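Report on the structure
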Amino acid sequence: MAATVEIDEANGAGETLSHNIANSNMGSADAKELVAADNPVTPGENTYEKWQKIHVTNMGGSSKIDNLKVWRTTALGGSATHVTNARTTTYGGAEAYATPVATDSTVADQAMPTSEPASANLGIGGSLTGELTAAGSSDYLVHQIQTDAGDVAGASTTMHYQYDETA
Amino acid sequence: MATHKCSPCGSEFKTEAEYLEHACEKAGGAKPGTADFLKKTTMPHYDKVAEAAQKRGAAKVK
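Let me sum up the structure you'll find in this document.

How each quantity is defined
- Residues numbered from 1 in each chain as written.
- Chains lettered and ligands numbered in written order.
- Predicted model: local features only at pLDDT ≥ 70, side-chain atom pairs only at ≥ 80, totals over all residues.
- Helix = DSSP H or I, 4+ residues; strand = E, 2+ residues; numbered from the N terminus.
- Buried ≥ 20, exposed ≤ 12 C-beta atoms within 10 Å, placed from the backbone.
- Contact = placed C-beta atoms within 7 Å.
- Nonpolar A, V, L, I, M, F, W, Y, C, P; charged D, E, K, R; others polar.
- Pairing = 2+ DSSP bridges.

A look at unusual backbone geometry
All names here are of chain A. The phi angle at asparagine 67 is positive, at roughly 55°, despite the residue not being glycine. The residue asparagine 67 is located in strand β4 (residues 64–73) in this model. For asparagine 67, a count of 20 C-beta atoms within 10 Å translates into the label buried. One non-glycine residue, threonine 90, lies in positive phi territory at about 50°. Secondary-structure assignment places threonine 90 in the loop between β5 (81–84) and β6 (110–111).

Overview of the interface of chain B and chain A
Counting residues at the interface gives 17 residues for chain B, matched by 16 residues for chain A. Elements with a contribution of two residues or more to the side of chain B that touches chain A: β1 (3–6), α1 (16–21) and α2 (35–39) of chain B. No other element matches β1(B), which puts four residues into the side of chain B that touches chain A. A breakdown of the residues in the side of chain B that touches chain A according to their chemical character gives nine nonpolar, seven polar and one charged. Looking at chain direction, strand β2 (residues 16–19) of chain A and β1(B) are connected through four bridges and run parallel. The residue of β1(B) that forms the bridge with A:His19 is B:Cys6.

With respect to the environment of A:His82
Following the sequence through the fold, A:His82 ends up in strand β5. Filtering out sequence-adjacent residues up to four positions away, A:His82 remains in contact with A:Arg72, A:Leu76, A:Ala111, A:Met112, A:His143 and A:Ile145.

Read these as layout, nothing more, since geometry by itself doesn't imply function.
Here it is in structure tokens:
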């Protein structure tokens, strides 16, 4: 049996952690599984930050989960940029939850990779070499899309959340 | 302290342990932490995804 893993997302001032979200839609509201068409971003402004975790809910007999990698494929609309706290070097450690904002993120300040990183870019226990040997979660992945004033349309893209599982 | 919510069924819990122990009505009573929970909520193709991942892993080990 393989480990069971879900993606969780935190929202609001009180850190409501929604487990096993169905999508990572981003827009002008601090909400999980939002409808992008109902929450459009004004050109030149940002989406609300996403605060998400990779959550191992059951090891399923495996001994270790590690090497967490996060990236996005498919181009964004217009000149928008996608920023994150995920990175393979100078990792900032585990971020303490803060209410998601739509101003320029001070936590997510590096471009989201658009292909699989060569090594882990999201930590466990504050470290990129961290590992889970029992059910538990990654550090928070924080990301945000920042649009340009000339952008007129969004885009449908794919987020990848990858881990290594050792039997 | 975070409040925990099951996204598929909307139930709220004070702790993560309580979340993991609940029988999700949207998953036919399956609990989080089981493959059935994922299959009946966000990952209907769980079996194919798991099989493909295991093949990738086996190839990586070789």
